[in-house]
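Spelled out, the chains give:
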Amino acid sequence: MVKKVLIVTTNFSDINEDIKTGVYLEEFAVPYLVFKSTGYEITVASPLGGNSPIDESSLSCSNPMEWDEAAMFLRDTKKLQEVDYKSFDAIYLPGGHGPMFDLSKDKTLKEILEFMYKENKLIAAVCHGAAGLILAKDEKGNSILKNKHVTSFTNKEEQIVKMTEFMPFSLQTRLVELGADFVEEKPWKEHVEISGNIITGQNQNSALLVAESIVSLI
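Right, let's walk through the structure included here. (Residues numbered from 1 in each chain as written. Predicted model: local features only at pLDDT ≥ 70, side-chain atom pairs only at ≥ 80, totals over all residues. Heavy atoms only, no water.)

## A closer look at helix α3 (residues 107-118)
In a regular helix each residue adds 1.5 Å, so 12 residues correspond to 16 Å; α3 covers 17 Å between its end C-alpha atoms and thus fits that length. The complete set of buried residues in α3 reads Thr108, Leu109, Ile112, Leu113, Phe115, Met116 and Tyr117. Buried residues along α3 sit against β1 (4-8), β4 (90-93), β5 (122-126) and β9 (198-201). The residue sitting at the N-terminus of α3 and contributing the capping side-chain oxygen is Asp106; that oxygen lies 3.1 Å from the backbone nitrogen of Thr108. (Helix = DSSP H or I, 4+ residues; strand = E, 2+ residues; numbered from the N terminus. Expected span 1.5 Å × (residues − 1). Buried < 20%, exposed > 50% of the residue type's maximum accessible area, 1.4 Å probe, protein only. Contact = heavy atoms within 4.5 Å. Polar contact = N/O pair within 3.5 Å; in protein donor to acceptor, adjacent residues only side chain to side chain.)

## Quick look at the nonpolar core
Residues Ile91, Ile123 and Leu175 are the most contacted members of the largest nonpolar core, which totals 38 residues. Elements with a minimum of two residues in this core: β1, β4, α3, β5 and α5 (171-177). If you tally residues by element for this core, the top one is α3, at six residues. Not counting residues within four places of it along the chain, the set of residues in contact with Ile123 comprises Ile91, Leu113, Met116, Tyr117, Leu133, Ile144, Asn197, Ile198 and Ile199. (Core = buried A, V, L, I, M, F, W, Y, C linked by side-chain atoms within 4.5 Å.)

## Re the environment of Ala45
Secondary-structure assignment places Ala45 in strand β2 (residues 41-46). On a C-alpha basis, the gap between Ala45 and Lys78 in space is 4.4 Å, while along the polypeptide they are 33 residues apart. Discounting chain neighbours no more than four positions away, the residues touching Ala45 are Leu6, Ile7, Val8, Thr9, Thr77, Lys78, Leu80 and Val83.

## Observations concerning the side chain of Gln204
Along the chain, Gln204 falls in the loop between β9 and α6 (207-217). Look past the residues within four positions of Gln204 in its chain and what remains in contact with it is Tyr24, Glu26, Glu27, Cys127 and Trp188.

And the structure:
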């Protein structure tokens, strides 16, 4: 049977008049291409459907041409509420600052994650994509992240990129508050944590490792 992966991306773009965000392209494109080359069936969805904006800071003339192909699938994503999520083997949440504003409070995503956690299917996120995990609870009412080894974009990295004051909350701090055993490496280091059926990566440089971890465990 062909494995099926659901990628859930953000629709959020405007932090304020001067600061724009969205999906960090590397965090979407690299895993997308890994899943495609492995032969997985991929569905890209977002809370609102339609366009999932790309963070302009992740666009560069030095990006591989293959990323442009992957980026096309962000222009017309499926609406998350219309996805038959019970048929998927894994869910993956790429980052960019966008998920902090919409995926972090999306009730449909919460429902999907709770089902996949209960069914022991793979749940993965990289960087700020981990914000999409914070609402999901287990059958006892605890966060699915409680007592799990977890990582994400760190407070230190947020300070380095000077975005702390523009965020609705501190992601690292919130994960710790939920009971996660947060594991932090040096800024920009490739770093992935695997804890049960949950895979998390620290930053954009960890996207490939997250994708490879999904492939090895699915």
